[in-house]
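# Structural overview for review
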Amino acid sequence: MIGGAQEALYTKPELATLILSKRYGFVKVAIQAGSSLVPVFGFGENSLFDQITLKEGTFLQKGQHFFKQVFGFSLPLFFGKGVYNYNFGILPHNLPITVVVGKPIDIQQDDNPSEEKVLSIHKQYMDALEDLYNRNKVKYYKAHKAPTLCFI
């Protein structure tokens, strides 16, 4: 998962936040291997759990970020449904997740890609992912408004 531990802290049903704008390593590895990059988006993932959003600068929010820096993963404060109730618990809500796979971006193998090449393919990937999302959001969010896609 490109967004990693940081992306888990941004999970909200009304916002699809992807930590991707400054993540170039996966593109460089794909170029070095000559592997295609395939845009993929999971519709409905952000609705499986409710997350308590911590305000910037609070003790708990600083603790989350400290924990992520020290241990490499985050501890979002979340809840879902329970075993015998549907209001509170640690199980995910009963909602569908639909994973949509886009057209592969074919990449020519290069052992030592230039920064310009990495940036160019990274932009192609982000554009393809955004296009995939925009073409499919109405189909998979029929019952409610589609979340806003946001790249960080």
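Scope of this entry: the structure provided in the associated data block. Since the structure is predicted, the reported quantities are computational estimates derived from the model, not experimental observations. (Residues numbered from 1 in each chain as written. Predicted model: local features only at pLDDT ≥ 70, side-chain atom pairs only at ≥ 80, totals over all residues. Heavy atoms only, no water.)

### Considerations on helix H4 (residues 115-140)
Between its first and last C-alpha, H4 extends 36 Å over 26 residues, near the 38 Å set by a 1.5 Å rise per residue. Largest kink in H4: about 30°, centred on Asn134. Within H4, the full set of buried residues consists of Val118, Ile121, His122, Tyr125, Met126, Leu129, Leu132, Tyr133 and Asn136. Elements in contact with the buried residues of H4: strand E1 (15-18), helix H2 (25-33), strand E2 (40-43), strand E5 (98-101) and strand E6 (148-151). (Helix = DSSP H or I, 4+ residues; strand = E, 2+ residues; numbered from the N terminus. Expected span 1.5 Å × (residues − 1). Bend = angle between axes of the 7 residues up to and from the residue. Buried < 20%, exposed > 50% of the residue type's maximum accessible area, 1.4 Å probe, protein only. Contact = heavy atoms within 4.5 Å.)

### A closer look at the packing of aromatic side chains
Per the counting criterion, the structure on display carries six aromatic pairs. Residues Phe41 and Tyr133 carry aromatic rings whose centres are separated by 5.0 Å and whose planes lie at 70° to one another, so their mutual orientation is edge-to-face. Here Tyr133 lies in helix H4 and Phe41 lies in strand E2, a separation of 92 residues in the sequence. Residue classification places Phe41 among the buried positions, given a relative accessible area of 8%. Looking at Tyr133, the relative accessible area reads 1%, which means it is buried. On the basis of an interplanar angle of 40° and a centroid distance of 4.5 Å, the ring pair of Phe67 and Phe71 is categorised as tilted. On the criterion of helical spacing, the pair formed by Phe67 and Phe71 is a turn pair, its members being four residues apart in helix H3 (residues 59-71). One aromatic cluster in this structure is built from Phe41, Phe43, Tyr133 and Tyr140. (Phe/Tyr/Trp six-rings, centres within 6.5 Å; stacked < 30°, edge-to-face > 60°.)

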